[in-house]
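Examination of the molecular architecture
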Amino acid sequence: MALADMMMAVLEDSGLLSLWNTLTPWLALDERQLIFVVATPVFIAVTLWEYLRIRHDPTRMNVPEAIRNFALGAGYQVTELLFAGLIAFPVYAFLYHHRILDLELNWVTGFLTFLGVDFCFYWMHRSSHRIRWFWAAHVVHHSSERMNFSTAMRQNATNIFNGMWAFYLPLALIGFNPVWIGVAYALSLVYQFFIHTTLIGRLPHWVELAFNTPSHHRVHHGRNPGYIDRNYGGTLIIWDRLFGTFVAEDVQAPPEYGITRPVRSNNLLVLWTHEYVDLFRAMARPGGLLLRLKHLWKPPEWDRD
């Protein structure tokens, strides 16, 4: 018996192999998490490089905040890993089972998966700014008043519970494999990490025309009146150009980063939940049920008064 066979026999006798085979379908959607795990050392290295360039500018770099941003990102990855397979994957699997088309995986369908995911990301991202229930989770990403690579890691651990993953369900119903939808989504997020910086200026015109770039994304994180709720694209900026939400960065009006109602706390739980608290307080005010529920789907700035 070969040594590899002996090792496999030990694993089979332990019972862990059968347990893994049972769990694998539930974790299938989290192939994307493997991409994040592989990419994280790169993220850290690039963040350290950026730190060396801007460490003397407190308006662009704050070490405790950068560490906190990575902690927020770790919380997001943990809840995604634990719950995405339990909450989202069964729905994806059901729709894929009843898919309209049988699509063979090749370069064409691979590109269409990427394009479809990016299109859905645009609408998911736009909704996460204009629907308060989704904004309650997304706001943490915008609450930093600095723009650097660590800001990309500033995510909310509650994302999986908000249902934003439902924006990609039509792709599974069409016939795109949910695992590859997840992979395309993860690769898009990896790309988006690198546009969270002030060190890169305008890129060549053809790049700025088609792709989301640091310049475009700085606008997205700005709280200047002309910058709010603009440039929602993930990898591509063409959706913003098509749907009227594109604004170019104005060198005469540099972005002021953060949100219009700043959070004066560094507590991770507060950063994750403060908008939920405000939302439910608004809903608890006297009024009819429908009027109270409107807070869930109305824009964040909407109020009954």
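What you see is a predicted model; the values in this text were computed from it and never measured. (Residues numbered from 1 in each chain as written. Predicted model: local features only at pLDDT ≥ 70, side-chain atom pairs only at ≥ 80, totals over all residues. Heavy atoms only, no water.)

Right, let's get into the packing of helix 6 (residues 107-130) against helix 7 (residues 132-142). Relative orientation and spacing of two packed helices are given, respectively, by the angle between their axes and the distance between those axes. Relative to each other, helix 6 and helix 7 sit at 95 degrees, their axes nearing to 6 Å. Considered as vectors, helix 6 and helix 7 are oriented roughly perpendicular to each other. Of the residues in helix 7, those in contact with H125, S127, S128, H129 and R130 of helix 6 are R132, F134, W135, H138 and H142. Split by residue class, the contact of helix 6 with helix 7 holds 2 nonpolar, 6 polar and 2 charged. (Axes fitted to C-alpha atoms, helices over the stretch in contact; angles between N-to-C directions. Helix = DSSP H or I, 4+ residues; strand = E, 2+ residues; numbered from the N terminus. Parallel < 35°, antiparallel > 145°, perpendicular 65-115°, else oblique. Contact = heavy atoms within 4.5 Å. Nonpolar A, V, L, I, M, F, W, Y, C, P; charged D, E, K, R; others polar.)

Before going further, it helps to spend a moment on empty space enclosed by the protein. In this structure the tally under the stated criterion is 1 cavity of 30 Å³ or more. Approximately 620 Å³ is the volume found for the largest cavity. If you trace the largest cavity, you find 32 residues lining it, with Y76, Q155, N159, Y185 and L189 closest to the centre. When contributions to the lining of the largest cavity are tallied by element, the ones reaching two or more residues are helix 3 (31-54), helix 4 (63-87), helix 6, helix 7, helix 9 (159-162) and helix 11 (178-193). (1 Å grid on protein atoms, 1.4 Å probe; cavity = no way out; pocket = protein on both sides within 12 Å on 5 of 7 lines; lining within 4 Å. Points joined across faces, edges and corners; volume = space filled by probe spheres on them.)

With that settled, consider the nonpolar core. Counting residues in each nonpolar core, the largest one holds 24 residues, and the members touching the most others are Y92, V117, W165, Y168, L171, I181 and Y185. Listed by contribution, the elements that provide at least two residues to this core are helix 4, helix 5 (89-97), helix 6, helix 7, helix 10 (169-174) and helix 11. In terms of residues, this core owes the most to one element, helix 6, which gives 4 residues. Counting 12 residues, the second largest nonpolar core, distinct from the first, contains A39, V46, M153 and V190. (Core = buried A, V, L, I, M, F, W, Y, C linked by side-chain atoms within 4.5 Å. Buried < 20%, exposed > 50% of the residue type's maximum accessible area, 1.4 Å probe, protein only.)

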